[in-house]
Amino acid sequence: MTIPATTLNDGHSIPQLGYGVFKVDPEATEKAVSEALEAGYRHIDTAAIYGNEEGVGAAIAKSGIERSELYITTKLWNDRHDGDEPNKAIAESLDKLGLEQVDLYLVHWPTPAKDNYVHAFAKLIELREQGHTRSIGVSNFLVPHLERVVAETGVTPAVNQIELHPAYQQRDVVEWAADHGIRIEAWGPLGQGKYDLFGTPAVVDAAAAHGKTPAQIVIGWHLQKGNIVFPKSVHAERLRQNLDVFDFTLTGAEIAAIDALDPQDGSGRVGTHPEDFN
Ligand code: NAD
């Protein structure tokens, strides 16, 4: 099983499909990540706030997989943007993960009311220079937040990890990112199971046409759009299913039918609005 890699604006490559561990219970994380690695995943997306970096680290240590074959992302939490807090936060994350360097470190949310995301991103630039992370990026940033970090630090984030699924495609952010060489990582790629995505005719019809499950069709839609994705499942069968998505190509009409599932009024959002999360 070879998962395609894609290249970021800093020249580093990232597997386009990974495994996310949001809401994976800390006690269950080592087993879940071990199963994911066993199934063939090499890219793991965690965050300090998930409380499960130690479980990710334990699974990595036990796997015996070469560090260079793994791609590990973690994130700076909202209450650690100021002063030298980012330096301390990444040191804690690296300690829990049992790593000397992560592949990607993200500012988790812009927390715009606190007006400290530019400082936080500037600290990430330092952390990259110091070798604590190979690449740096942001998460949940809207266009005005992206504009400010680029203008005020002179550095373009490698990725913006945002809520993105068929009912909520954030086209303005995606377009701005594409114009500036920022790759989109889609969180909640399956809509977090919060709406009936898998029963929607556009998805069901494509699933029947390609002999795949609705989840595989949605993952394929993301991959064909160029999104980086890391769907989450703690069930071994689904975890494997979500990786078995490289043997079909959606037609232009199938892609267009899924594209049309976004009401484009923001009502498809399942998570918190970045302006409101501080
Ligand atoms: P998701 O869209 O991946 O949904 C996960 C849910 O989909 C599972 O709990 C399961 O119920 C269902 N599912 C998964 N595979 C399935 C299958 N094959 N068939 C049927 N149902 C299936 O949502 P997510 O976990 O929130 O997002 C993925 C990852 O994105 C997270 O684990 C995390 O790493 C990241 N994330 C980041 C942020 C952020 O603020 N940056 C926020 C949320 C999630």
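In case you missed it, the structure is sitting above this.
Reference entry: report on the structure contained in this document. (Residues numbered from 1 in each chain as written. Predicted model: local features only at pLDDT ≥ 70, side-chain atom pairs only at ≥ 80, totals over all residues. Heavy atoms only, no water.)

## Thoughts on the overall build of the chain
And then number 1: Within the chain, the secondary structure is distributed over 10 helices and 10 strands.
And then number 2: Here the C-alpha atoms of the chain give a radius of gyration of 18 Å, agreeing with the 19 Å that 2.2 N^0.38 yields for 278 residues.
And then number 3: Its C-alpha atoms give the chain principal-axis dimensions of about 55 × 45 × 30 Å.
And then number 4: Residue burial in the chain is summarised as follows: out of 278 residues, 54% are buried.
And then number 5: Intrachain contacts of the chain at a sequence separation of at least 6 include 74% that bridge at least 24 residues.
And then number 6: As displayed, the chain has an accessible area near 11500 Å², and 49% of this comes from carbon and sulfur atoms. (Helix = DSSP H or I, 4+ residues; strand = E, 2+ residues; numbered from the N terminus. Rg over C-alpha atoms; globule rule 2.2 N^0.38 Å. Buried < 20%, exposed > 50% of the residue type's maximum accessible area, 1.4 Å probe, protein only. Contact = heavy atoms within 4.5 Å. Areas by Shrake-Rupley, 256 points an atom, 1.4 Å probe, with all protein chains shown as cover.)

## So, the sheet that holds strand E10 (residues 228-229)
And then number 1: Read across the open sheet, the 8 strands follow the order E3-E4-E5-E6-E7-E8-E9-E10; overall the sheet is parallel. Looking at strand neighbours, the two that pair on one side only are strand E3 (19-20) and E10, the edges of this open sheet.
And then number 2: Here strand E5 (residues 71-76) pairs with strand E6 (residues 102-107) via 4 bridges, running parallel. Across the sheet, Thr 74 pairs through a bridge with Tyr 105, a residue of E6. (Pairing = 2+ DSSP bridges.)

## Focus: the pairing of strand E7 (residues 133-139)
And then number 1: Across the 7 residues of E7, 6 count as buried, placing the element largely inside the fold.
And then number 2: Two strands pair when backbone bridges link them, and E6 and E7 are joined in this way by 5 bridges, in the parallel orientation. Bridge pairing in E7 links Leu 104 to Ser 135.
And then number 3: This β-α-β element, E6 to helix H4 (residues 117-129) to E7, shows right-handed connectivity. (Right-handed = clockwise from strand over helix to strand, strands pointing away.)

## Thoughts on the pattern of salt bridges
And then number 1: Scanning the model with the defined rule gives 16 salt bridges in all.
And then number 2: Here the residues in one salt-bridge network are Arg 80, Glu 85, Lys 88 and Glu 92, joined through shared partners. (Salt bridge = Lys/Arg side-chain N within 4 Å of Asp/Glu carboxyl O.)

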